[in-house]
Amino acid sequence: MQIQTPDWVKHAVFYQIFPDRFARSKHPHKRLLHDARWEDWDAMPTLQGYKGGDLWGIIEELDYIQGLGINAIYFTPIFQSASNHRYHTHDYYQVDPLLGGNEAFKQFLDAAHERNIKVVLDGVFNHASRGLFFFHDVLENGPRSPWVDWFKITGWPLAPYTGELPANYEGWAGNRALPVFNHDNPEVREYIMEIGEYWIKFGIDGWRLDVPFEVKTPGFWQEFRDRVKAINPEAYIVGEVWGDSREWLDGTQFDGVMNYLFTGLTIAFTAGDRVVLEQVQTRDYQPYPPLFATEYAAKIQELLQLYPWEIQLTQLNLLASHDTARLITIADGDQASVELATLLLLTFPGAPSIYYGDEVGLPGAIDPDSRRGFPSEANWNQDILNTHRQLIALRHKYPALRAGDYKILFAQGELYIFSRTLGTEELIIAVNAGTASSTANLDAASLHTQSHKLLYGTAEFEWHSTQLCLTLPPRAGCILG
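Scoring rules and cut-offs
- Numbers given for residues are sequential positions, taken from 1 along each chain in its written order.
- Residues qualify for local features only when their pLDDT is at least 70, as the model is predicted, and side-chain atom pairs are given and counted only at 80 or more; totals for whole chains, interfaces and linings, by contrast, use all residues.
- Neither water nor hydrogens contribute to the side-chain values; these are computed over all heavy atoms in the structure.
- The pairing criterion for strands is at least two bridges between them, as found by DSSP.
- Only runs of H or I of at least four residues qualify as helices and only runs of E of at least two qualify as strands under DSSP, and these elements are numbered from the N terminus.
- Between the N-to-C directions of two axes lies an angle of 0 to 180 degrees, each axis being a line fitted to C-alpha atoms and, for a helix, fitted only over the stretch in contact.
- Cysteine sulfur atoms are paired as a disulfide whenever they fall within 2.5 Å.
- When an angle is under 35 degrees it counts as roughly parallel; over 145 it counts as roughly antiparallel; between 65 and 115 it counts as roughly perpendicular; any other value is oblique.
- For this analysis, residues touch if any pair of their heavy atoms sits within 4.5 Å.
- Side-chain classes are defined by residue name, with Ala, Val, Leu, Ile, Met, Phe, Trp, Tyr, Cys and Pro counting as nonpolar, Asp, Glu, Lys and Arg as charged, and the others, Gly among them, as polar.
- We call a set of buried Ala, Val, Leu, Ile, Met, Phe, Trp, Tyr and Cys residues a nonpolar core when their side-chain atoms join them within 4.5 Å.
- Relative accessible area decides the class of each residue, using a 1.4 Å probe on protein chains only: under 20% of the type maximum gives buried, over 50% gives exposed, and in between gives partly exposed.
- Buriedness for pockets is judged along seven lines, at least five of which must meet protein on both sides within 12 Å for an open set on the 1 Å grid over protein atoms alone, while cavities are sets there where a 1.4 Å probe fits but cannot get out, and lining residues have an atom within 4 Å of a point.
- Grid points are joined across faces, edges and corners, and a volume is the space filled by probe spheres set on the points.
- Under the counting rule used here, the positive set is Lys and Arg, the negative set is Asp and Glu, and His together with the chain ends is not counted.
- Each salt bridge in this description consists of a side-chain nitrogen of Lys or Arg and a carboxyl oxygen of Asp or Glu lying within 4 Å of one another.
- Each polar contact in these results corresponds to two N or O atoms within 3.5 Å; when the atoms are within protein, one needs to be able to donate a hydrogen and the other to accept it, and residues that are neighboring in sequence are counted only if both atoms are side-chain atoms.

> In this structure, what is going on with the sheet that holds strand β17 (residues 467-472)? I would like to understand it.
Hydrogen bonds between backbone atoms are what pair the strands of a sheet, whose relative direction is either parallel or antiparallel. With respect to topology, three strands assemble into an open sheet ordered β14-β17-β16, the strand pairing being antiparallel. Strand pairing shows two members of the sheet lacking a second neighbour, β14 (438-443) and β16 (460-464), which therefore form its edges. Between one strand axis and the next, the sheet turns by 15° as a mean value, whatever way the strands run. In the sheet, β14 pairs with β17 via six bridges, with the strands oriented antiparallel. Of the residues in β17, the one forming a bridge with Asn441 is Cys469.

As structure tokens, this is what we get:
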């Protein structure tokens, strides 16, 4: 079969926003809580506290987002919930009133689309919460509830809050707060399909699916894709799968996954032995032990051969998310690690995704610390911000960085060089992850053209007959084009 993926994603640079932590509106709006007891914005986040970010605040920051070069936003969940991260869904048809409700979301969606910024929502369809109406009815009425078969109930009575008694129902990862749907029930299946359709009709541009590998019902995600794409063939469907995702990337289910396989490799190469182990040991993406250039090249080549090219171009590539520590903290504060990894991110096939705050050097250990409030401008790292702005601008300027062939030219020691080529356009990207200067001699036969100039970074290069001699300083990267 011919695999079809949304064309716009191949040209997108995503910005992942955790809505409670990005921006609190400075202007008066109709609110449920006028004098809410928000946590201090700049204080360390807690598991249960709210900082009061809202959709109006994000509308007010769209100039900043657009100025960064972002043309797609991925929100972590925004539906009504009883948690600051909103993975405990109460109502899939209502945007959380703390964020401004459906009215504020419509305003946001219109404002984003006016700027040609796409919007992707987080779909938490494996499990809901104790507060979901259907599960609440089961808690109230027990075996007599009409919704009993919507969940995986094993006995009575249910114990949703106390650990002293068996829960008697399946909760995600054993968490009583997150009852798992019975996806084999046709009514549950239809309910979720209709939610997917409803918000696409509302105007969103795609779904990021939370733990979709937990849903084992045959044909479920195939039907979800068919029904979403019937409304908008260009809707983006991206799954949260951390490892080898060939099972879901056959062209009948997802357009891509969150590409943690790229994340782990790239951190292991650029941060190396700077990685703070306690920030990565409880996560699945393996950014340690360190990789030298030869190993990195081999693993990147394997990754690029794992999926069809049409899928590679719509992978969601990232360096951090709400589920990981931030890279600058993983790398023990080393700024060069962030800048080198960002260079590799913005020049890799697929859609790069920047976790809010990473572009200004916001630190954060594993959650909840990685979910801090977006800092005031006085606390921005301007060097890291300029790195992001330059690289995003280059990605938008040169089609080869988005859709061009990826060819490894050199990988020895800690020096890694590759090209991106599309038609007559060729860019050479080089990264020296080592602490000493490094030189490579590239055979002109491996290059598309002998005409190159420095577009980004620091390097010395000159032609010697049929060889390009390229020298990078320690912990530096460059783009020649």
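Now, onward.
> It is not clear to me how the state of the cysteines should be interpreted in this structure. Could you clarify?
The bond known as a disulfide is covalent and runs between the sulfur atoms of two cysteines. What the rule picks out here adds up to zero disulfides. Cys469 forms no disulfide, and the closest cysteine sulfur to it belongs to Cys478, at a distance of 12 Å.

> Looking at this model, I keep getting lost on the packing of helix α8 (residues 260-270) against helix α9 (residues 293-306). Mind explaining?
Packed helix pairs are specified by the crossing angle of their axes together with the interaxial distance, meaning the distance between the axes. Viewed as axis vectors pointing N to C, α8 and α9 meet at an angle of 170°, and their least axial separation amounts to 10 Å. Our classification of the angle between α8 and α9 gives roughly antiparallel. Contact residues: α8 offers Leu261, Phe262, Leu265, Thr266 and Phe269, while α9 offers Ala293, Tyr296, Lys299, Ile300, Leu303 and Leu306. Classifying every residue of the contact of α8 with α9 by side-chain character gives nine nonpolar, one polar and one charged.

> What should I look at first to understand the nonpolar core in this one?
Looking at soluble globular proteins, one finds that nonpolar side chains tend to be buried together. One finds Phe14, Tyr15, Phe75, Phe105, Trp207 and Tyr416 to be the most contacted residues of the largest nonpolar core, which totals 141 residues. Leu409, Ala430, Leu447 and Leu468 belong to the second-largest nonpolar core, a separate cluster that totals 15 residues.

> Just to check I follow, could you spell out empty space enclosed by the protein for this structure?
If you roll a probe as big as a water molecule over the atoms, it shows you where there is empty space left. Tallied over the entire structure, the rule returns two cavities of 30 Å³ or more. Size it by volume and the largest cavity reaches roughly 130 Å³. Of all elements in the fold, only α11 (327-330), α12 (335-346) and β10 (351-355) reach the threshold of two or more residues within the lining of the largest cavity.

> Teacher, can you tell me more about the side chain of Arg420 here?
Tracing the sequence through the fold places Arg420 in strand β12 (residues 415-422). Comment: no salt bridge for buried Arg420; closest opposite-charge side chain is Asp405, at 7.4 Å. Polar contacts involving the side chain of Arg420 include one to the main-chain carbonyl oxygen of Gly404, which spans 2.8 Å. Polar contacts involving the side chain of Arg420 include one to the main-chain carbonyl oxygen of Asp405, which spans 3.5 Å.

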